[in-house]
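A look at the structure
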Amino acid sequence: MGTPAERSSSNTAYFTRGDKIPGLQVNGMDIIAARRAVEYARKWAVDDDKGPLLLEFVTYRYGGHSMSDPGTTYRTREEVQRMRSTQDPIRGLQRYLEEWGVATEQELKALDKEAKVVVDKAVEEAKASPEPLVKDLWSDIYFKGTEPPVMRGREREEVHRY
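The name given to the protein chain in an unreviewed UniProt entry is Dehydrogenase E1 component domain-containing protein, with the source organism recorded as Candolleomyces aberdarensis. For the record of the protein chain, the UniProt heading Cofactor (unreviewed entry) holds the text "thiamine diphosphate".

As a further point, take the side chain of Glu 56. When you line up the elements, Glu 56 lands in strand S2 (residues 54-58). With relative accessibility at 13%, the residue Glu 56 sits in the buried group. At a separation of 3.3 Å, a polar atom in the side chain of Glu 56 contacts the side chain of Gln 25. Apart from residues no more than four positions distant in its own chain, Glu 56 is found in contact with Thr 12, Ala 13, Tyr 14, Phe 15, Leu 24, Gln 25 and Val 26.

This part is about the pairing of S2. Sheet topology note: the strand S1 (residues 23-27)/S2 ladder contains 5 bridges and is parallel. Bridge assignment links Asn 27 to a residue of S2, and that residue is Val 58. In this view, the connection linking S1 to its parallel neighbour S2 by way of helix H2 (residues 31-47) has right-handed handedness.

Conventions used here
- Residues numbered from 1 in each chain as written.
- Predicted model: local features only at pLDDT ≥ 70, side-chain atom pairs only at ≥ 80, totals over all residues.
- Heavy atoms only, no water.
- UniProt positions renumbered as here; feature names shortened; annotations may be inferred.
- Helix = DSSP H or I, 4+ residues; strand = E, 2+ residues; numbered from the N terminus.
- Buried < 20%, exposed > 50% of the residue type's maximum accessible area, 1.4 Å probe, protein only.
- Polar contact = N/O pair within 3.5 Å; in protein donor to acceptor, adjacent residues only side chain to side chain.
- Contact = heavy atoms within 4.5 Å.
- Pairing = 2+ DSSP bridges.
- Right-handed = clockwise from strand over helix to strand, strands pointing away.

Rendered as structure tokens:
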């Protein structure tokens, strides 16, 4: 944690490291670019049956790696704020929608306000709900019929059989 990619990898163009598997590097901070890349990858792998395609989504992490890493020792608060104001995926999508005439700034603000109400309501509902049963932690993880025969939990003894 905290080691620059240039020090830990001889090749930091991760999308090229698949040897026999072709790859693409994608701006993961651009929602439209990410969607287009996934559409392309699906066409490549499924429709055109060309095999796997590695996608590397390049993103910027606003926070540190963990609670013990505030992320301020190797970058400035100004850098993080600059990235938030210029590269934020949600703000970028809003700019596209406004530029393309899909929605006005006021309409987007109203949608944002509506979404916050829905999320706040869901949070309150979740807080008021009982704790899920331990057996439910193992359900609906895989699409029916694709489950592995056994799945290990955090501890070696914590095993679930499907």
